[in-house]
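One letter stands for each residue in the lines below.
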Amino acid sequence: MATLQKFLSSCLLGTLAASCLLLVALWVQGGVAAPLGSHCRLDESDFQQPYIINRTFKLADEASLADNNTDVRLIGEKLFHGVNVRQHCYLMKQVLNFTLEEVLLPYSDRFQPYMQEVVSFLAGLSNKLSQCHIEGDDQHVQKKVQNLKDTVKKLGESGDIKAIGELNLLFMRLKNACTGPEKSWKMDN
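Each chain carries its own residue numbering, running from 1 in the written order of its sequence. Only residues with pLDDT of at least 70 are given local features in this predicted model, and only at 80 or more are side-chain atom pairs given and counted; all residues enter the totals for whole chains, interfaces and linings. Note: side-chain values were computed over all heavy atoms of the structure, leaving out hydrogens and water.

- Where an unreviewed UniProt entry is consulted, the chain appears under the name Interleukin-22, with the organism given as Equus przewalskii.

## Details of the state of the cysteines
Link 1 in the chain: Disulfides are defined as cysteine sulfur pairs within 2.5 Å. Using the criterion set out here, one finds two disulfides in the structure.
Link 2 in the chain: Numbered in order of appearance, the disulfide-bonded cysteines of the chain are paired 1-3, 2-4.

## Quick look at the side chain of Asn-168
Link 1 in the chain: Within the element layout of this structure, Asn-168 appears in helix 8 (residues 167-178).
Link 2 in the chain: Contact between two residues is taken to exist if any of their heavy atoms lie within 4.5 Å; hydrogens are not considered. The contact partners of Asn-168, leaving out residues within four places of it in the chain, are Phe-57 and Ala-60. Strands here mean DSSP runs of E at least two residues long; helices mean DSSP runs of H or I at least four residues long; both are numbered from the N terminus.

## A closer look at helix 7 (residues 157-165)
Link 1 in the chain: Partly exposed describes any residue whose relative accessible area lies between the buried limit of under 20% and the exposed limit of over 50%, with all areas from a 1.4 Å probe on protein chains only and scaled to the type maximum. With seven of nine residues buried, helix 7 is to be regarded as a mostly interior element.
Link 2 in the chain: All of the buried residues in helix 7 are Gly-159, Asp-160, Ile-161, Lys-162, Ala-163, Ile-164 and Gly-165.

## Some remarks on helix 2 (residues 50-66)
Link 1 in the chain: When the terminal C-alpha atoms of helix 2 are compared, their 25 Å separation across 17 residues agrees well with the 24 Å that a helix rising 1.5 Å per residue should span.
Link 2 in the chain: Taken as a whole, helix 2 has its buried residues at Ile-52, Arg-55, Thr-56, Leu-59, Ala-60 and Ala-63. Along the axis of helix 2, the buried residues cluster in a sector spanning 130°; they form a single face. When the buried face of helix 2 is taken as reference, the exposed residues oriented beyond 90 degrees from it are Pro-50 and Leu-65.
Link 3 in the chain: Contacts made by the buried residues of helix 2 are with helix 5 (114-128), helix 7 and helix 8. Expected helix span is given by 1.5 Å per residue-to-residue step, counting one fewer step than there are residues. Directions drawn from the helix axis to the C-beta atoms are what define this arc.

## Quick word on the confidence of the model for the chain
Link 1 in the chain: Looking at the chain as a whole, its pLDDT mean stands at 80, while 75% of the residues score no less than 70.
Link 2 in the chain: The predictor rates its confidence in each residue with pLDDT, a number between 0 and 100. Across residues 1-37, where pLDDT falls below 50, the model places 11 contacts with residues more than four positions away in sequence or in other chains.
Link 3 in the chain: Every residue in residues 183-189 is under pLDDT 50, and counting partners more than four places away or in other chains gives 28 contacts.

## Looking at the packing of helix 4 (residues 88-104) against helix 7
Link 1 in the chain: Fitted lines through C-alpha atoms give the axes, limited to the stretch in contact for helices. The angle between two N-to-C directions lies from 0 to 180 degrees. The contact between helix 4 and helix 7 brings their axes to 10 Å, and the two run at 135°. Taken together, the axes of helix 4 and helix 7 lie oblique to each other. Of the two elements, helix 4 crosses helix 7, and the hand of that crossing is left-handed. Residue-level contacts link Glu-102, Val-103 and Leu-104 of helix 4 to Asp-160, Ala-163 and Ile-164 of helix 7.
Link 2 in the chain: Residues are grouped as follows: Ala, Val, Leu, Ile, Met, Phe, Trp, Tyr, Cys and Pro are nonpolar; Asp, Glu, Lys and Arg are charged; every other residue, Gly included, is polar. Partitioning the contact of helix 4 with helix 7 into residue classes produces four nonpolar, no polar and two charged. Note on terminology: angles under 35 degrees are roughly parallel, angles over 145 are roughly antiparallel, angles of 65 to 115 are roughly perpendicular, and the others are oblique. Crossings are classed by handedness, with left-handed meaning an anticlockwise turn of the near helix from the far one by less than a right angle and right-handed meaning a clockwise turn.

Below, the structure is given as structure tokens:
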């Protein structure tokens, strides 16, 4: 009986020691068990499908023909000014969600036959980025997105058409911001 108690006692101590090491390892990583950046990334292959590239760019071209406002650029350098490069994917996720929810879905009956396929593709990317967050305060990113929303709203239907006409830019910026070398992302819980 004494031997069994010693054996169980040593097993419990071993388990306790292993648990402590695991907790220390998680603490050193900032409590993140998944690889950093794993949720703020898209696969390069998502952007290498010739059919959907063609559909996205044709939809953008078709909408651009109806865009009378050539003085405003929604997705340009100004959008990224002051945003850390490691936060660009998160910013583009927010722009993508806005574009899907407030621009493309209300226009889903227009710009056929491309609209449905492009919306489906972009919704898939949005779903893949659904767990993408930045650590800490994201007010500066939210302000950028709000400025974009305000510009689109101020332009009315012309702003919606402009956003659709810039889907090619959205596509390229998503690709550039969310693929490639892993960036130092952390996850909020």
